[in-house]
Amino acid sequence: MLLFNSNYEVGVFKRLSENNELVMDVGQEEYTLTLSDEEMDDLEQHLVNQENLLVPFHKKTKELILNTEPNYDEEEMEELMNISEGAGDHGED
C-alpha cells in the first residue's frame, strides 16, 4: 500500500517527448523528466496496470512511484486454472 504525505502528489501523464522525456502535469506545474530505458519500461507497465494516466510523484526527489507488478485479469486466471485442472484428468487412464 502506498501512503501519501505532503511530499507526494499525483501527476497526470501528458506525453513522451524525444530522448525519453516524460512530460506530466503535477498540480499547476508542468514537469519534464528524462527517463532511462528501464524507467520507460516501468512507466509503460505502470500505465497498463493502472488503466489511467495518473502517476504518483515525489516532489522533492523528482521520482516517479510506479506500480510495476503484473496485473492479472481474474477471468483469465480462472480460465487458466480450469485448463490446468483439466490437463490432470487427461493424463490418467
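Use the structure listed above.
Everything numeric here is computed off the predicted structure, so don't read it as measured data.

Novice: Would you mind going over the nonpolar core with me for this structure?
Specialist: Buried together is how nonpolar side chains tend to be arranged in soluble globular proteins. Residues Leu 22, Met 24, Leu 35, Leu 43, Val 55, Phe 57 and Leu 64 are the most contacted members of the largest nonpolar core, which totals 13 residues. Counting residues per element, the ones that place at least two in this core are strand E2 (21–26), strand E3 (29–34), helix H1 (37–50) and strand E4 (54–58). Among all residues touching Leu 35, those that are not within four sequence positions of it are Asn 20, Leu 22, Met 40, Leu 43 and Leu 64.

Novice: Is there a simple way to think about a negative patch on the surface in this case?
Specialist: Together, Asp 37, Glu 38, Glu 39, Asp 41, Glu 44 and Glu 63 make up a region of like negative charge exposed at the surface. Considering each element in turn, the negative patch owes the most residues, five residues, to H1. Inspection of the secondary structure puts Glu 38 in helix H1. Under the relative-accessibility criterion, Glu 38 is labelled exposed at 58%.

Novice: Any chance you could explain unusual backbone geometry here in plain terms?
Specialist: Glycine aside, residues mostly have negative phi angles, and peptide bonds mostly take the trans form. Positive phi, close to 60°, is recorded for Asn 20, a residue that is not glycine. Within the element layout of this structure, Asn 20 appears in the loop between strand E1 (8–17) and E2. Here the phi dihedral of Lys 62 falls at roughly 60°; this positive angle occurs in a residue that is not glycine. Along the polypeptide, Lys 62 turns up in the loop between E4 and strand E5 (63–64). Residue Lys 62 is classed as partly exposed on the basis of its relative accessible area, which comes to 40%.

Conventions we followed
Residues numbered from 1 in each chain as written. Predicted model: local features only at pLDDT ≥ 70, side-chain atom pairs only at ≥ 80, totals over all residues. Heavy atoms only, no water. Core = buried A, V, L, I, M, F, W, Y, C linked by side-chain atoms within 4.5 Å. Buried < 20%, exposed > 50% of the residue type's maximum accessible area, 1.4 Å probe, protein only. Helix = DSSP H or I, 4+ residues; strand = E, 2+ residues; numbered from the N terminus. Contact = heavy atoms within 4.5 Å. Patch = residues over 30% accessible without salt bridge, like charges linked within 9 Å, V, L, I, M, F, W, Y side chains within 5 Å. Areas by Shrake-Rupley, 256 points an atom, 1.4 Å probe, with all protein chains shown as cover. Salt bridge = Lys/Arg side-chain N within 4 Å of Asp/Glu carboxyl O. Lys, Arg positive; Asp, Glu negative; His and termini not counted. Charge placed at Lys NZ, Arg CZ, Asp CG, Glu CD.

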